[in-house]
Amino acid sequence: MGATFYPRWGFGESEKISSIDESIASETQVLAITGSGEPSEVHLEREEGQAWVMNNVFPGTPWEPETFRARFGEWEEFPATTRNPDIIKNYYFPSLDMTVVVNELKGEIATWGMQREGL
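An account of the accompanying structure is given in this report. (Residues numbered from 1 in each chain as written. Predicted model: local features only at pLDDT ≥ 70, side-chain atom pairs only at ≥ 80, totals over all residues. Heavy atoms only, no water.)

### A short note on the sheet that holds strand β4 (residues 108-114)
What counts is decided by this rule: Strand pairing follows a simple DSSP-based rule, namely that at least 2 bridges must link the two strands. A run of DSSP states H or I qualifies as a helix once it reaches four residues; a run of E qualifies as a strand once it reaches two. Both are numbered from the N-terminal end. Note on geometry: axes are lines fitted to C-alpha atoms, helical ones only across the stretch in contact, with angles between N-to-C directions running from 0 to 180 degrees.
Strand order in the open sheet made by the four strands is β1-β2-β3-β4, with antiparallel pairing throughout. What marks the edges here is a single partner per strand, and that holds for β1 (76-79) and β4. Adjacent strand axes in the sheet meet at a mean angle of 30° when their direction is disregarded.

### Quick word on the pairing of strand β3 (residues 98-103)
Applied cut-off: Between buried and exposed lies partly exposed: a residue is buried under 20% and exposed over 50% of the maximum accessible area for its type, with that area taken using a 1.4 Å probe on protein chains only.
Judged by how many residues are buried, β3 sits mostly within the fold: six of six residues are covered. Where burial is concerned, the two faces of β3 agree: the one with Met-98, Val-100 and Val-102 and the one with Thr-99, Val-101 and Asn-103 are both buried. As defined by bridge partners, strand β2 (residues 88-93) adjoins β3 across six bridges and the pair is classed as antiparallel. Bridging across to β3, Asn-90 finds its partner in Val-101. Following β2, the chain reverses through four residues before pairing antiparallel with β3; Asp-97 in that reversal takes a positive phi of roughly 55°. With six bridges connecting them, β3 and β4 associate as antiparallel partners.

### Some words on unusual backbone geometry
Here the phi dihedral of Asp-97 falls at roughly 55°; this positive angle occurs in a residue that is not glycine. Topologically, Asp-97 is positioned in the loop between β2 and β3. The class of Asp-97 is partly exposed, set by a relative accessible area of 23%. The phi dihedral of Gln-115 falls on the positive side, at around 60°, and the residue is not glycine.

Right, dumping it as structure tokens:
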């Protein structure tokens, strides 16, 4: 079984579309395309929140937990496995699907990562 995909053509490239001579399909197969089921608003909010973190949070950024809680909701803390867990804390924000890694000793953000990936 195989599938043929063609690049997306712009509106002004109708000649390319009409000049295809080959058969696109020799047999019919049913393809099921499914999504996550989450509302598009939730997806957009997560993308906007991720973009905010990526553009505004850098190593050394002061850790202001109330700002993060107000903006992104509650977090789930999980222990650091590659650093001293008394100093480095991993805070996973489900609304972002991101983890913010905090150096509690310095009171600053050490880094951030996508999904539930910490230090």
